[in-house]
Amino acid sequence: MIEVNRQGEVWVFAEQHAGTLEDTSIELLSKGRQLADQLKVPLAAVLLGDRVEPLCVRLGQYGADRVYLAEHPLLNHYQTSSYAKVLDELIHKHKPQIMLYGATPVGRDLAPRVASALKAGLTADCTDLQIGRHEIPSTGKVYENLLLQIRPAFGGNIIATIINYDRWPQMATVREGVMPMPEPDGRRKAQIVRENISLLPGDLMLEILAEHRQPKKVNLKASRIIVAGGAGVGSKENFKLIWDLAHCLGGAPAATRAAVDLGFIDRDHQVGQTGTTVRPVLYIAVGISGAIQHQAGMIGSQKIIAINNDPEAPIFQIAHYKILGDLNQVVPMMIKAIREKV
Amino acid sequence: MTYNCVVLAKQVPDTKRITGQAMNEDGTVNRAALPAIFNPEDLNALEMALQIKEQYGGKVTVITMGLPAAAEILRQSLYRGADGVILITDKRCAASDTLATSYILSCAVRKLNPDIVLCGRQAIDGDTAQVGPQVAEKLGVPQITYTEQILTLNGKTITARRSIGNGWQEVRTKLPVLLTVVDTANEPRIPAAKRLMKYKAARCRIEIEAMAKQDPSIDVEAVCKQLEQKGLLIRQWDLDVLGADLKWCGRDGSPTKVHRIQSVVLTTKETKSVEPTQEAIEAMIHELIVDHTIG
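Predicted model, so just to flag it, every value in this text is computed and none were measured. (Residues numbered from 1 in each chain as written. Chains lettered and ligands numbered in written order. Predicted model: local features only at pLDDT ≥ 70, side-chain atom pairs only at ≥ 80, totals over all residues.)

In this section: the overall build of chain B. Secondary structure assignment for chain B yields 9 helices and 14 strands. Projecting the C-alpha coordinates of chain B onto the three principal axes gives extents of approximately 80 × 55 × 45 Å. Considering chain B as a whole, with its 295 residues, one finds that 45% of them fall into the buried category. Long-range pairs, those at least 24 residues apart, make up 70% of the contacts in chain B between residues at least 6 apart in sequence. (Helix = DSSP H or I, 4+ residues; strand = E, 2+ residues; numbered from the N terminus. Buried ≥ 20, exposed ≤ 12 C-beta atoms within 10 Å, placed from the backbone. Contact = placed C-beta atoms within 7 Å.)

Looking only at helices and strands, chain A features 8 helices and 18 strands. What you see for chain A is a C-alpha radius of gyration of 22 Å, in line with the 20 Å of a compact globule of 342 residues. For chain A, the C-alpha atoms occupy an extent of roughly 65 × 55 × 40 Å along the three principal directions. Counting all 342 residues of chain A, 54% fall into the buried class. Taking contacts inside chain A between residues at least 6 apart in sequence as the whole, the part at least 24 apart equals 64%. (Rg over C-alpha atoms; globule rule 2.2 N^0.38 Å.)

It is common to give the size of an interface as the accessible area that goes away when the parts come together. Taken together, the contact between chain A and chain B spans 69 residues of the former and 64 residues of the latter. Of all the elements, helix α4 (residues 105-118) of chain A adds the most residues to the side of chain A that touches chain B, at 8 residues. The residue inventory of the side of chain A that touches chain B, partitioned by class, reads 38 nonpolar, 18 polar and 13 charged. When strand β18 (residues 321-324) of chain A meets strand β14 (residues 272-274) of chain B, the two strands line up parallel, connected through 3 bridges. When the bridges of β14(B) are listed, A:Lys322 appears paired with B:Ser273. (Nonpolar A, V, L, I, M, F, W, Y, C, P; charged D, E, K, R; others polar. Pairing = 2+ DSSP bridges.)

This part covers the sheet that holds strand β1 (residues 10-14) of chain A. Residue and element names in this part refer to chain A. Read across the sheet, 7 strands follow the order β7-β11-β6-β1-β4-β5-β12 without closing on themselves; strand pairing throughout is parallel. Edge positions in the sheet fall to β7 (122-126) and β12 (191-194), since each of these pairs with one other strand and no more. This sheet shows a mean twist of 25° between the axes of neighbouring strands, independent of strand direction. For strand β5 (residues 66-71) and β12, the ladder comprises 4 bridges, and the chain directions are parallel. Across the sheet, Arg66 pairs through a bridge with Gln191, a residue of β12. In the packing of helix α3 (residues 80-94) onto the sheet, the strands contacted are β4 (43-49), β5 and β6 (98-102), and the crossing angle to β4 comes to about 145°. (Axes fitted to C-alpha atoms, helices over the stretch in contact; angles between N-to-C directions.)

With that out of the way, let us pick up the domain arrangement of chain A. All names here are of chain A. The domain architecture assigned to chain A consists of domain 1 (10-203) and domain 2 (220-341). Centre-to-centre, using C-alpha coordinates, domain 1 lies 33 Å away from domain 2. Contacts between the two partners involve 8 residues from domain 1 and, on the opposite side, 8 residues from domain 2. (Domains from an automatic or database assignment.)

This part takes up the pairing of β6(A). All names here are of chain A. Burial analysis of β6 places 5 of its 5 residues in the buried class, the great majority of the element. Burial along β6 is two-sided: the face carrying Ile98, Leu100 and Gly102 and the face carrying Met99 and Tyr101 are both buried. Sheet topology note: the β1/β6 ladder contains 3 bridges and is parallel. Bridged to Val12 within β6 is Leu100. The pairing of β6 with strand β11 (residues 170-174) spans 5 bridges and is parallel. When the sheet's bridge partners are listed, Leu100 is paired in β11 with Ala172.

Before going further, it helps to examine the environment of A:Leu249. Structurally, A:Leu249 can be placed in helix α5 (residues 240-249). Among the residues examined, A:Leu249 registers 24 C-beta atoms within 10 Å and is labelled buried. Considered as a pair, A:Leu249 and A:Pro152 are 97 residues apart in the sequence and their alpha carbons are 32 Å apart. The residues touching A:Leu249, leaving out its near neighbours within four places in the chain, are A:Ile225, A:Val227, A:Ile338 and B:Ile294.

Right, let's talk about the nonpolar core for a bit. In this structure, A:Val46, A:Leu47, A:Leu59, B:Val7, B:Ile104 and B:Leu118 are the most contacted members of the largest nonpolar core, which totals 128 residues. Of the residues forming this core, the biggest block, 8 residues, is contributed by helix α3 (residues 98-112) of chain B. Ignoring sequence-local partners within four residues, the contact set of B:Val7 consists of B:Ala45, B:Leu46, B:Ala49, B:Val60, B:Val62, B:Leu118 and B:Cys119. With 50 residues, the next largest nonpolar core counts A:Val271, A:Ile305, A:Ile323 and B:Ile285 among its residues. (Core = buried A, V, L, I, M, F, W, Y, C linked by C-beta atoms within 7 Å.)

Bringing helix α1 (residues 40-56) of chain B into the picture now. Taking 1.5 Å of rise per residue, 17 residues should cover 24 Å, and α1(B) covers 25 Å from first to last C-alpha, within 8% of that figure. Along α1(B), the residues that are buried comprise B:Glu41, B:Asp42, B:Leu43, B:Asn44, B:Ala45, B:Leu46, B:Glu47, B:Met48, B:Ala49, B:Leu50 and B:Ile52. (Expected span 1.5 Å × (residues − 1).)

This part covers the packing of α4(A) against helix α4 (residues 131-139) of chain B. Axis separation between α4(A) and α4(B) bottoms out at 8 Å; the angle between their running directions is 45°. Accordingly, the angle class assigned to the pair α4(A) and α4(B) is oblique. At the point where α4(A) passes α4(B), the crossing takes the right-handed sense. Between α4(A) and α4(B), the residues in contact are A:Asp109, A:Pro112, A:Arg113, A:Ala115, A:Ser116 and A:Ala117 and B:Pro133, B:Gln134, B:Glu137 and B:Lys138, respectively. (Parallel < 35°, antiparallel > 145°, perpendicular 65-115°, else oblique. Left-handed = near helix turned anticlockwise from the far one by under 90°.)

Summing up the model confidence of chain B, the mean pLDDT is 93 and the portion of residues at 70 or higher is 93%. Reported confidence for the predicted complex is 0.89 by ipTM and 0.86 by pTM. (pLDDT = per-residue confidence, 0-100.)

Put simply, side chains in a regular strand alternate between the two faces of the sheet. All names here are of chain A. Here β1 lies mainly inside the structure; 5 of its 5 residues are buried. Judged by which residues are buried, β1 turns out to be covered on both faces: Val10, Val12 and Ala14 on one side and Trp11 and Phe13 on the other are all buried. Direction of pairing for β1 relative to β4: parallel, over a ladder of 5 bridges. Along β4, the bridge assignment pairs Ala14 with Leu47.

Structure (structure tokens):
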């Protein structure tokens, strides 16, 4: 752990694969920028990899004042032990007050290892971050300008705000897609701080024998309109209704976990706590009851239309337009209405 | 060679099946009303360990840290085939966050000197997925998170396939290792009837003590001795047995603190009801075009 220090920077772990930045890192920079401005400290990105310096340009354009750049051939592929070792060193050296990671498979593998080595706190899967104060009721002691780490817990049934006042850095992983993507500012440039690091082959605990990444077939996060189907759609064949409605709106088809588990559609299309978090302009929920785990992934939608034949379906409580009826009749009506009007 | 496997398991409230009875009138969840279950992905971890034992030989020990009631998942582990089970229970563990929990668990794991430590990817009450990697760090061993399958175990070398979200990776490392296991890894077996009959009487000391409080005629020492002779006394460790440094346990050992808990109330926005008729739906579509939501 490091001592509490008010001058410490706000850091974002810049996750990259084969020289491409993850979207989450960009989202984190926009949030990190707000936090750093509030605390009146610089925002820095920490970039690890092999020959990844070109990425510093984008990190600067998206808000980083500084990039700590650790390049080494042994950092070419992400590995828990080598990345954790380097981050542990850099955090001890520069003493940031806040360190953020995307809650990606890499972030969720790396951050706890770093936190354990630092004996620092870590809050997983935050959906919001704020700066605020905390008072200890028993002593009346007040801590100002802490990172409020806000996350759902208990399967999404409660929202917990976690703080970390005496053992720093204050670290959190942040859910993908919950922070808006910022616009790049072409005039912004980050200062590059090159870090000399020493790594030995023995620092790599794993051998990566093979790797396969499927490009995502659908980019739900970038879709303005999403048409999602739940278990209520009934069958894979009937899911064609969802595809058709999405198609005529120029939107993307999506689904609940239940519909994915039933094999109606590919897992890439899953919205919710264990899927993608989306915030489209319009979300049409078809045959979706609206379990809290699903709501967690779509509650940020600007407009929600819910179609369900169960008047008690929780989805109706968050919908702007409630259509109580049989989706097999309602969806074709909608398709007809859209084809005629648009 | 044979393998000494340790499984870390947690008893959790069943947050996935919240029924009307567990809801308060204000739309919040009454956590006390939720049934306590074996954390689902820890069952996948146990299954993976049992399969290692069946294929290569060795033994499987399940550890849980929790209240005395958590002994129930240890009995369930015995029904499924665990060779040994240990309950870590101590009031000084209370308020442990993931860092303190992983410290305490790592002290226990060290005493067993395993080749392979397995746990579920995450527990459904907190969904943090942090304890596994933190235990691995404390033990100084490699971690393979999101493990889907063990491909080969060859002497002291393990090859496994892990999920990386939108794909997979095959990795190789030397034992000892810690694996966190995902729910797609396997189908956990159900309790075996014979083992259930044998082990349903298994108890740990703190459970006997609680019974003795209700019924003073129970002689705790005698019952424990009896159970031990039958192999039915569940091992129970406290922080002293673990030799844990209290500085890293419980509230003192936990850097993260709860600032506030808010119950999620399903918010009712202004909802317009639209009749399922062609006219009403056309009117709605028209509204959405006018406000530039679509078109």
